[in-house]
Structures are given as structure tokens and as C-alpha cells.
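# Summary of structural features
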Amino acid sequence: MPPPPPPSPAGPELRRLRAVSRRIRRRTAGWLLASHLLFTAVCCIAAPALSTEVLGHVSAGLLLVTLQLIIVLWTVCYYGRAAKEHQDPAADRVRDRLAAGGRRDAL
């Protein structure tokens, strides 16, 4: 049995950074997957209804695609904002911890 790996010089900050990254990725992936599945389901189930005009020359399909685009853009903005608020400070703490231990090149 191989010996256990040595503890990380970054300590609990690195685990916290990984957890924050994982949480942000899961949330954004969930939003993108849910909106895409909804879009695909509506396109498959109600395909004839998508060609009906809702507002003048604007079809229901165009409104659905616009909604999908808005959700994707919102998700990208959310990811950037969440990374700035949570992930960047955690990464700075890990860098500071490694620099204090003389391991600046580890990241």
C-alpha cells in the first residue's frame, strides 16, 4: 500500500477553493442544462406551435430562442460575478499561503 500523499502546503484554503469552484460550476451547468432541455423539449413536442405568430411577425420559436439566449448570457454573467466574489479571493488566499511557504511556483 503506497504511503498517503503529504499534506498540501496550502492547507484548508485549497480545499475551500476547490469546493467554491465546484459549486459555481454545478450551478451554471445546471442552469444551462435545464434551459437547453426545456428548449429541446418544446422544439420536439410542440414544433408546429413554434411557427405561430405571437406579436406581429415574431413567432413563438423566435421568442423561445431569445429566452434561451437571455438565459445563456445571464449564466455567463453569473459565472463571472460569482468567480470574482468567491473564487478569486479563495485563490488569492491559496497563493499567499504558498508564497509564505516559499512555494510560489506551485500554482
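Report follows, based on the coordinates. (Residues numbered from 1 in each chain as written. Predicted model: local features only at pLDDT ≥ 70, side-chain atom pairs only at ≥ 80, totals over all residues. Heavy atoms only, no water.)

## So, the overall build of the protein
Rule in force here: The helix and strand labels rest on DSSP assignments: H or I over at least four residues marks a helix, E over at least two residues marks a strand, and numbering proceeds from the N terminus. We compute the radius of gyration over the C-alpha atoms and compare it with the globule rule, which gives 2.2 Å times the number of residues raised to the power 0.38. Here the term buried applies to any residue with accessible area under 20% of the maximum for its type, exposed to any over 50%, and partly exposed to those in between, with areas from a 1.4 Å probe on protein chains only. Working definition of accessibility: Shrake-Rupley area with a 1.4 Å probe, residue cover restricted to the visible protein chains. The charged-residue count follows a simple rule in which Lys and Arg add positive charge and Asp and Glu add negative charge, with His and chain termini not counted at all. By convention, the charge on Lys lies at NZ, on Arg at CZ, on Asp at CG and on Glu at CD.
Within the protein, the regular secondary structure consists of 2 helices and 2 strands. Computed over its C-alpha atoms, the radius of gyration of the protein comes to 22 Å, more than 25% above the 13 Å expected for a compact globule of 107 residues. Projected onto the principal axes, the alpha-carbon positions of the protein cover approximately 65 × 35 × 20 Å. Scored against the burial criterion, the 107 residues of the protein give a buried share of 22%. For the protein, the accessible area works out to roughly 7,900 Å², and carbon and sulfur atoms hold 66% of it. On the protein, the mean spot of the 15 positive side-chain charges and the mean spot of the 7 negative ones are 8 Å from each other.

## Some words on the pattern of salt bridges
Short version of the rule: In what follows, salt bridge is the name for a side-chain nitrogen of Lys or Arg lying within 4 Å of a carboxyl oxygen of Asp or Glu.
Applying the stated criterion across every chain yields a total of 2 salt bridges. A salt bridge links E13 to R97, with the nearest nitrogen and oxygen atoms 3.1 Å apart. One end of the pair, E13, is in helix 1 (residues 12–45); the other, R97, is in helix 2 (residues 60–100), and 84 residues separate them in sequence. Overall, E13 belongs to the buried group, its relative accessible area being 16%. D92 is the salt-bridge partner of R95, the closest N and O atoms lying 3.0 Å from each other.

## Considerations on a nonpolar patch on the surface
Defined as follows: A patch consists of residues whose relative accessible area exceeds 30% and which take part in no salt bridge; residues with like charges are grouped when within 9 Å of each other, and nonpolar side chains (Val, Leu, Ile, Met, Phe, Trp, Tyr) when within 5 Å.
A contiguous nonpolar patch, built from V54, L55 and L63 and spanning about 270 Å² of accessible area, is present on the exposed surface. Within the secondary structure, L63 is located in helix 2. Taking relative accessible area as the criterion, L63 reaches 37% and is therefore assigned partly exposed.

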